[in-house]
Structure formats: C-alpha cells, structure tokens
Amino acid sequence: HTLTELAASVAAKGVLQPLLIAPDGTIIAGHRRWLAAQLAGVEAVPVTVQDLDEAAQLEAMLVENHQRKSLDPLQTARACKALLDRGRTIDEIAQQTGMASATAIRYLQVVDMPESVQAAIGNYDLPIAAVSHLAKLRKQPDELQAGADNANRERLLARENQYQVALAPGEPKT
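Here the structure is a predicted model, which is why all the values come from computation and not from measurement.

Parameters and conventions
Residues numbered from 1 in each chain as written. Predicted model: local features only at pLDDT ≥ 70, side-chain atom pairs only at ≥ 80, totals over all residues. Heavy atoms only, no water. Buried < 20%, exposed > 50% of the residue type's maximum accessible area, 1.4 Å probe, protein only. Helix = DSSP H or I, 4+ residues; strand = E, 2+ residues; numbered from the N terminus. Arc of directions from axis to C-beta. Core = buried A, V, L, I, M, F, W, Y, C linked by side-chain atoms within 4.5 Å. Contact = heavy atoms within 4.5 Å. Pairing = 2+ DSSP bridges. Axes fitted to C-alpha atoms, helices over the stretch in contact; angles between N-to-C directions.

Novice: Mind laying out helix 5 (residues 90-97), listing which residues take part and the relevant values?
Specialist: Within helix 5, burial applies to I93, A94 and T97. What you see down the axis of helix 5 is that its buried residues fit within an arc of 95°, all on one side. Facing away from the buried side of helix 5, by more than 90 degrees, are the exposed residues D91 and Q95. Downstream of helix 5 by a residue or two, G98 has a phi angle that is positive, lying close to 85°.

Put into structure tokens, the structure is as follows:
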C-alpha cells in the first residue's frame with residue numbers, strides 16, 4: 001500500500017497496531033504508520049514503549065520490515081550486517097528474523113559484493129539466490145561482473161519464457 005492509501009485507512013479506522021518506541025521517543029517500529037497518521041491529521045497514536053539496546057532495536061526494525069517485505073534486498077543485507085557487527089550470530093539473526101540461516105548468509109554476502117552487484121540486487125535486477133554463486137567469484141572482479149550479468153540475463157529470459165507460455169494458445173486444463 002502507498003502511504004496515501006495507508007493514511008486513508010488510518011483516517012477511517014485509526015492506527016490499529018501500536019508503534020514501538022524507545023523511552024526517548026525514537027520510533028523503533030511503525031514509521032509508516034506514524035507518517036500516515038500525520039498525513040491523515042491524527043493527533044495521537046497508540047504506542048508501546050520498550051527499552052531495547054541498539055542491536056535489539058535493529059532486530060525489531062528488521063523483523064517488522066521483513067514481514068511486510070518493505071525492505072529491498074540490499075537494505076536487508078545491510079541490516080543483517082549491522083546485527084552481525086553488534087555481536088549477533090548468523091543463527092541468531094536467522095532465528096530472530098524468521099529467515100533460514102542460508103538466507104541470512106546470502107544477505108551477509110551481499111555487503112561484500114562490488115557496488116555494481118549490490119545495486120543490481122537492491123534494484124531487484126539480480127536475484128538474491130545468485131549471491132552464493134557470485135561469492136565464489138569475489139576475488140575475480142571481471143568474472144564476478146560477468147556472472148552477475150549472466151544471472152540477470154537468465155532471469156530476464158526465464159521471465160520472458162513465462163510470459164510466452166502464458167500467452168500461448170493451448171488446450172484448456174481439465
């Protein structure tokens with residue numbers, strides 16, 4: 001939903017889920033709800049105050065955004081890296097966010113990729129699933145870029161094939 005759509009919903013029904021805030025008033029989770037409430041002219045919203053350390057705040061933000069699928073893969077990768085830098089293990093990151101450990105590892109590998117590959121992943125031009133293969137080529141930048149370009153071409157060809165199959169006349173399925 002766009003922020004405007006969310007604001008219309010908030011104007012009609014109010015903010016149904018409390019924002020999670022720190023004791024100093026910093027919003028930990030619920031930024032979009034807060035912005036929508038402001039846009040809708042709502043003066044008060046429900047909040048839950050929790051005193052969380054920085055890593056726990058990052059976890060809460062990552063979990064909320066991961067559940068809503070509102071982070072692009074590069075943002076998710078950077079959030080996972082920030083948690084790792086703050087002492088969380090890969091298994092803890094996976095457990096706290098609901099990801100498989102292998103998925104968390106892929107996201108962590110993204111931050112070690114060249115900027116061009118990171119940008120392609122962040123723009124959804126390159127699937128996160130390609131990262132494990134590309135990580136093996138990290139020490140060979142030319143091969144890494146060629147691998148990323150090839151994975152993107154394969155993704156586009158697969159999408160085009162799906163489109164062609166959908167358009168192809170055929171027998172109705174029974």
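Novice: Describe the nonpolar core, listing the residues and the values that go with them.
Specialist: Ranked by size, the top nonpolar core spans 23 residues in total, and within it C80, L83, V110, I121 and L126 carry the most contacts. Of all the elements in the fold, those that place two or more residues in this core are helix 3 (54-68), helix 4 (73-85), helix 5, helix 6 (101-110) and helix 7 (115-122). Among the elements that make up this core, the one with the highest residue count is helix 4 (six residues). Beyond its immediate chain neighbours, meaning those up to four positions away, V110 contacts L74, A77, Q118, I121, I128 and V131. Counting nine residues, the second largest nonpolar core, distinct from the first, contains V10, I21, A37 and V45.

Novice: Break down the sheet that holds strand 2 (residues 27-29) for me, citing the residues and quoting the values.
Specialist: Across the sheet, which stays open at both edges, the three strands sit in the order 2-1-3 with mixed pairing between neighbours. The sheet terminates laterally at strand 2 and strand 3 (47-49), the two strands that pair on one side only. Adjacent strand axes in the sheet meet at a mean angle of 40°, parallel and antiparallel pairs treated alike. Sheet topology places strand 1 (residues 19-21) next to strand 2; two bridges connect them, and they run antiparallel. Looking at the pairing, L20 lines up with A29 of strand 2. Relative to the sheet, helix 2 (residues 31-40) contacts strand 1 and strand 2, its axis offset from that of strand 2 by approximately 120°.

The analysis is restricted to geometry; functional conclusions fall outside its scope.
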